[in-house]
Number of protein chains: 2
Amino acid sequence: LSGGMFVHVRNMLDSMPTSDIALLLHSSPPKSRTVIWQLIDSSIQGEVLEELSEDVRNPILRSMTPEKVAEAAGNLDDDDFAEVLRGMPDTIYRKVLKSMDKRDRKRAERVLSYEEDTAGALMNTDTITVRPDVTVDVILRYLRLKGALPEATDYLYVVDKDEKFIGEVSLAALLTSQPVSLISEVMETDFEVIPATMEETEVASLFERYDWISAPVIDENGLLLGRITIDDIVDVIRENAAHSMLSMAGLDDEADTFAPIVKSTQRRSLWLGVNLFTALLAAFVSSLFESTLDELAFLAVLNTIVPSMGGVAGSQTLTLVIRGMAVGHVTQANQRWLMGKELAIGFYNGLIWAVLIAGVVALWKQDLMLGAVIAFAMMMNLIAAGLSGVFIPLMLKRMNIDPALAGSVILTTVTDIVGIFTFLGTATWLLI
Amino acid sequence: LSGGMFVHVRNMLDSMPTSDIALLLHSSPPKSRTVIWQLIDSSIQGEVLEELSEDVRNPILRSMTPEKVAEAAGNLDDDDFAEVLRGMPDTIYRKVLKSMDKRDRKRAERVLSYEEDTAGALMNTDTITVRPDVTVDVILRYLRLKGALPEATDYLYVVDKDEKFIGEVSLAALLTSQPVSLISEVMETDFEVIPATMEETEVASLFERYDWISAPVIDENGLLLGRITIDDIVDVIRENAAHSMLSMAGLDDEADTFAPIVKSTQRRSLWLGVNLFTALLAAFVSSLFESTLDELAFLAVLNTIVPSMGGVAGSQTLTLVIRGMAVGHVTQANQRWLMGKELAIGFYNGLIWAVLIAGVVALWKQDLMLGAVIAFAMMMNLIAAGLSGVFIPLMLKRMNIDPALAGSVILTTVTDIVGIFTFLGTATWLLI
């Protein structure tokens, strides 16, 4: 790119699908992004914008004039339009709204009236609605006049004269029915609808469960507002998965692998700060036993083993429970059963590794009692790890805190403290 | 369920969608599952089977006679059929094949001829094919005779007389074209096709990139074999996401929250064993400095802080890189740039936390030199963490080892050893 081959690159970009251009922008260091952006044809800039994550999009938006942003965003679908608007920093956002034409501004206000992460914010209004009292043949002729259908259309929606949603008719049904049939005869009425206020994760699990391609969105009075399509759901599923994984490492979910260094440093340092605090807490617990450590320096050598094993065992349980909650397998009804199960696993795993570590330590230092001490601490800590792995995410969820974000730091604090306390405590009691 | 309300439950199950029944089975402890299973109407048992994960499915299959399994599985779509067969333990599998009728056995052999996790194993053969030289009207009449379309049909596939795939025509095009048009006039020929040998993750990223609902699968000669639908892709995406998250905690990806205790204990203990080994390695590094620890017991108190911070910082980088590789943002071309960036972040974060920990320690023990020692170790370890976080997953990938599985254990071993070595080593050099 540096070699001045701009024309060549521009031609390449013109022939690429927008999703490939977005991928290219994501894989490029920040500096190259602005250069590439300027080479993209302005007619497709809106679509590319929509596919970018906030981190990549915002610097680009900042480099554009509000008029250009308004123009690029105006060509988007409702839900994508809303996503781009929501992603903008406030100052840009106001300027962009001002430079929009009246129709687009009205549309912007409507799509933004639904809260982020709800069905309303995810929907498009490009539905095709039909009345129940016309024949299939009339619809077929209407569609031929219309000439094209919105993307991912598998159903037309049937509404009464008040725009109330009363049923749906699939393209397949239109194609396979006799032309003289009435829509009311071929429509499906055992539909499921999505209220505009439903959370997007719930919408996604409905799509997954029923293998939908699109689904109608209604308001509280049963009036048809729009529809949600599977491509948006795929994005929701992917984002949620990324969210769980990244937030377990204390990372922002739109975190960009190629974000500027200062920004990345800031983001990650919060988590490191929390961890430093808990590490100091663990060090403080150790310091309670300083005289023991002074007398028996080898305890210091072994002091990291029990907390580390507890951390791993606890993380395993925590990960399973967080995932079980996300896919809906962990419910009120089976919490106690699960707690009992993890207690038992903690006990058995504790037993296995307690015996093993006791053997290793007894051989290493020719000291049976030291082996017994570390075995006891291992046992206690693995049981504590299993119980905390279930209890902590359930408790956090009840407190409306995201277990993926806060769970692992609280868990390792518990296993560190229990591990150090039982190991050094028992050692002080039995060995000194 | 224990109160003998079997009839009531059976009626409830009859009115539930199969996906809800699968969810119920996943949320139930193993014992209740067999009871619930027997209450499910045998006509839908096949569909429920397909929605279960292997862990839940296999015990159920073991409790059924091979004839029953053959019957239940025979009603499934090709790809679901293949998945159930592949999931079976070998002994059951052979018995089931024997008790199938000839047609089903042949079908089983064909779907199983494609490797697991490829497009071939994911596809269905329920395509509707048409010839290019007929009119839209002929197709419309043919579809009306046929009466129903396979699920998630958005395109009919156009093949020549040798079954070679030459184009596709959307239902929307059929509905909006003039009945007298020829299929060859309304079909799309700038299609993308999926070779049967393509990896399923690659198929999934194509679906995501182009917002497909279904796509044709062809063999090496361009002959149409079948099609893949979005619902199967949603499963692939969800499974891959779960796989990354679970394997970072050393868990099997079909791991069942409610698996029997003995099985869960076995599974998790492998990872705990690996961790015990690395913890002993870290302890061994500490033991090299035993005389230092003997002289200055407070070093033992602080010995966990630097490794812990390195572990957290390294995990953040590792998680970002693993995710970046999964979504295709990290490539050969930008590896060196990324390495440089993480080096810089390690440096800046190292600086921040080195200064902070030096202050805390200097105040705690009134010892400036001790503060300087821990600050230096912190700095070194955070830089090592950033570099390892990029280098380890890239190296593992080149060696064809799953970075999500092995990455975090190797990383923490590196940060533990570097952390302990620099801290105790510098302390020995400067303080003793």
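Summary of the structure given here. Just so we're clear, the structure is a prediction, and the values are computed from it rather than from any experiment.

1. Let's talk about the interface of chain B and chain A
Listed as interface residues are 105 residues of chain B and, on the opposing side, 106 residues of chain A. When chain B packs against chain A, close to 9,900 Å² is buried across both sides, 71% of that on carbon and sulfur atoms. Linking chain B to chain A there are eight salt bridges. With a shortest N-O distance of 3.6 Å, B:Glu290 and A:Lys365 are connected by a salt bridge. At 16 residues, helix 16 (residues 261-287) of chain B tops the list of elements feeding residues into the side of chain B that touches chain A. Broken down by class, the residue content of the side of chain B that touches chain A amounts to 62 nonpolar, 28 polar and 15 charged.

2. Structural notes on the side chain of B:Gln335
All names here are of chain B. Positionally, Gln335 belongs in helix 20 (residues 335-365). On the basis of relative accessible area, Gln335 is assigned to the buried category, the value being 17%. Apart from residues no more than four positions distant in its own chain, Gln335 is found in contact with Leu394 and Arg398.

3. Let's talk about the packing of helix 19 (residues 305-326) of chain A against helix 16 of chain B
Orientation of helix 19 of chain A relative to helix 16 of chain B, taken along the N-to-C sense of each, is 150 degrees, at an axis distance of 9 Å. Judged by the inter-axis angle, helix 19 of chain A sits roughly antiparallel to helix 16 of chain B. Regarding helix 19 of chain A and helix 16 of chain B, the two cross each other, and that crossing is right-handed. Facing helix 19 of chain A, whose interface residues are A:Ile305, A:Ser308, A:Met309, A:Val312, A:Ala313, A:Gln316, A:Thr317 and A:Leu320, helix 16 of chain B presents B:Arg268, B:Trp271, B:Leu272, B:Asn275, B:Leu276, B:Ala279, B:Leu280 and B:Ala283. For the contact of helix 19 of chain A with helix 16 of chain B, a count of residues per class yields eleven nonpolar, four polar and one charged.

4. Focus: unusual backbone geometry
Residue and element names in this part refer to chain B. Notably, Glu163 is not glycine yet its phi reads approximately 70 degrees, a positive angle. Tracing the chain through its elements places Glu163 in the loop between strand 2 (155-159) and strand 3 (165-170). The class for Glu163 is partly exposed, based on a relative accessible area of 36%. At Gln366, a position not held by glycine, the phi torsion is positive, near 50 degrees. Positionally, Gln366 belongs in the loop between helix 20 and helix 21 (368-398).

5. Concerning the pattern of salt bridges
Scanning the model with the defined rule gives 14 salt bridges over all chains in all. With a shortest N-O distance of 2.4 Å, B:Glu208 and A:Arg238 are connected by a salt bridge. Taken together, the residues span two chains, with B:Glu208 in helix 14 (residues 200-210) and A:Arg238 in helix 15 (residues 230-248). Assessed through its relative accessible area of 33%, A:Arg238 is described here as partly exposed. Of the charged contacts in the structure, one is a salt bridge between B:Arg227 and B:Asp126, with a shortest N-O distance of 3.2 Å. Of the two residues, B:Arg227 sits in strand 6 (residues 224-229) while B:Asp126 sits in the loop between helix 10 (119-122) and strand 1 (129-130), which places them 101 residues apart along the sequence.

Thresholds, definitions, all that
- Residues numbered from 1 in each chain as written.
- Chains lettered and ligands numbered in written order.
- Predicted model: local features only at pLDDT ≥ 70, side-chain atom pairs only at ≥ 80, totals over all residues.
- Heavy atoms only, no water.
- Contact = heavy atoms within 4.5 Å.
- Buried area = accessible area lost by both parts, 1.4 Å probe.
- Salt bridge = Lys/Arg side-chain N within 4 Å of Asp/Glu carboxyl O.
- Helix = DSSP H or I, 4+ residues; strand = E, 2+ residues; numbered from the N terminus.
- Nonpolar A, V, L, I, M, F, W, Y, C, P; charged D, E, K, R; others polar.
- Buried < 20%, exposed > 50% of the residue type's maximum accessible area, 1.4 Å probe, protein only.
- Axes fitted to C-alpha atoms, helices over the stretch in contact; angles between N-to-C directions.
- Parallel < 35°, antiparallel > 145°, perpendicular 65-115°, else oblique.
- Left-handed = near helix turned anticlockwise from the far one by under 90°.

So far we have only geometry, and geometry alone does not tell us how the molecule works.
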